[in-house]
Amino acid sequence: MSDFKNKTMDFKKFGVFASICFLLFVIVISFSFLAKKFWDEGLKKQTVDCLTEYCADQNYTVQEYISAASGLSTSSAIYKLNRQNSYAVIIRVMTMYGPLPAVFVCENGSARFITYLHIDSFSKKEIISSSENSQIVYWENRIPQIVEQALKNAKASKKEGK
């Protein structure tokens, strides 16, 4: 009889432990969903600020977010701009100083580098000059394909949703 009581007590302890773990899991997931909205809004604001500062003559207006729906979606963001076939792309680019968010504008199938975010002007000049021939050129060639694939995925998901 005492074995039965010990097993019952063990099941109760395990149940309490599993419940606590599940509750913590739900709390963490809830906070990540809540934070995602604020993260997206902050990233959009930074994109607007960057384009306003570095492309003032172009009069870009940042519109809706386009999901990349791929492995790159964790390290990139794509925003539709006010011109036809124009997109702002923020992507994490590896530099000598670690990964940095780089802003590109993709228009009519070609991308051009704008700047890095969150770096003071002296460091920014050094980083751009050290990475211009390799990483920036690579991403300028790769970004039109990424945007094209993201647009296809967005169209496909809209069709499935309807």
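Residues numbered from 1 in each chain as written. Predicted model: local features only at pLDDT ≥ 70, side-chain atom pairs only at ≥ 80, totals over all residues. Heavy atoms only, no water.

## Describing the side chain of serine 76
Here's step 1: With respect to the secondary-structure elements, serine 76 resides in strand β2 (residues 76–81).
Here's step 2: Contacts of serine 76, omitting those with residues within four sequence positions, involve Tyr65, Ala68, Ile90 and Ile91. (Helix = DSSP H or I, 4+ residues; strand = E, 2+ residues; numbered from the N terminus. Contact = heavy atoms within 4.5 Å.)

## Considerations on the sheet that holds strand β5 (residues 110–116)
Here's step 1: Across the sheet, 5 strands lie side by side as β1-β2-β3-β4-β5; this open sheet has antiparallel pairing. The strands lining the two open edges of the sheet, one partner per strand, are β1 (62–66) and β5. In this sheet, neighbouring strand axes are inclined to one another by 35 degrees on average, regardless of whether the strands run parallel or antiparallel.
Here's step 2: Summarising the sheet, strand β3 (residues 86–95) and strand β4 (residues 98–107) pair through 10 bridges and their orientation is antiparallel. Its bridge partner lying in β4, isoleucine 90 is registered against valine 103. (Pairing = 2+ DSSP bridges. Axes fitted to C-alpha atoms, helices over the stretch in contact; angles between N-to-C directions.)

## Some remarks on the nonpolar core
Here's step 1: Formed by 22 residues in total, the largest nonpolar core has its most connected members in Ile78, Phe104, Tyr116 and Ile143.
Here's step 2: Secondary structure elements with two or more residues in this core: β3, β4, β5 and α2 (121–161).
Here's step 3: Broken down by element, this core gets its largest block of residues, 7 residues, from α2.
Here's step 4: Leave out the neighbours within four places in its chain, and phenylalanine 104 touches Tyr87, Ala88, Val89, Ile91, Val93, Arg112, Phe113, Ile114, Ile136, Trp139, Glu140 and Ile143.
Here's step 5: Ranked by size, the runner-up nonpolar core spans 15 residues in total, among them Ala77, Ala88, Val105 and Ile114. (Core = buried A, V, L, I, M, F, W, Y, C linked by side-chain atoms within 4.5 Å. Buried < 20%, exposed > 50% of the residue type's maximum accessible area, 1.4 Å probe, protein only.)

## What about the pattern of salt bridges?
Here's step 1: Taken as a whole and assessed by the stated rule, the structure comprises 4 salt bridges.
Here's step 2: Among the ionic pairs, lysine 45 bridges to aspartate 49, the shortest N-O distance being 2.9 Å. Placement of both lysine 45 and aspartate 49 in helix α1 (residues 2–54) is noted, with a separation of 4 residues, approximately one turn of the helix.
Here's step 3: We classify lysine 45 as exposed; its relative accessible area is 52%.
Here's step 4: Note that lysine 152 is salt-bridged to glutamate 148, the shortest N-O span being 3.5 Å. Remark: glutamate 148 and lysine 152 occur in helix α2; sequence separation between them is 4 residues, near one turn of the helix.
Here's step 5: The class of glutamate 148 is partly exposed, set by a relative accessible area of 46%. (Salt bridge = Lys/Arg side-chain N within 4 Å of Asp/Glu carboxyl O.)

## A word on the packing of aromatic side chains
Each aromatic ring pair is characterised by the separation of its centres together with the angle its planes make.
Here's step 1: Across all of its chains, the model carries 4 aromatic pairs by this definition.
Here's step 2: Here phenylalanine 104 and phenylalanine 113 contribute two aromatic rings whose centre-to-centre distance is 5.4 Å and whose plane-to-plane angle is 65 degrees, an arrangement assigned as edge-to-face.
Here's step 3: Using a relative accessible area of 16% as the deciding quantity, one classes phenylalanine 113 as buried.
Here's step 4: Taking the centre distance of 5.0 Å and the plane angle of 80 degrees together, the rings of tyrosine 138 and tryptophan 139 count as edge-to-face.
Here's step 5: A network of ring pairs unites the aromatic residues Phe104, Phe113 and Tyr116 as a single cluster.
Here's step 6: When the ring centre of tyrosine 87 is taken as origin, the NZ or CZ atom of lysine 80, which lies over that ring, is 5.1 Å away. (Phe/Tyr/Trp six-rings, centres within 6.5 Å; stacked < 30°, edge-to-face > 60°. Lys NZ or Arg CZ within 6 Å of the ring centre and 35° of its normal.)

## Considerations on a nonpolar patch on the surface
Here's step 1: Together, Val16, Ile20, Leu23, Leu24, Ile27, Phe31 and Leu34 make up a nonpolar patch on the protein surface, roughly 700 Å² of accessible area in all.
Here's step 2: Within the secondary structure, isoleucine 20 sits in helix α1.
Here's step 3: For isoleucine 20, a relative accessible area of 48% corresponds to the partly exposed category. (Patch = residues over 30% accessible without salt bridge, like charges linked within 9 Å, V, L, I, M, F, W, Y side chains within 5 Å. Areas by Shrake-Rupley, 256 points an atom, 1.4 Å probe, with all protein chains shown as cover.)

## Observations concerning the side chain of serine 86
Here's step 1: Structurally, serine 86 can be placed in strand β3.
Here's step 2: Its relative accessible area of 1% is what places serine 86 among the buried residues.
Here's step 3: Setting aside its immediate chain neighbours within four residues, serine 86 contacts Tyr79, Lys80, Leu81, Cys106 and Glu107.

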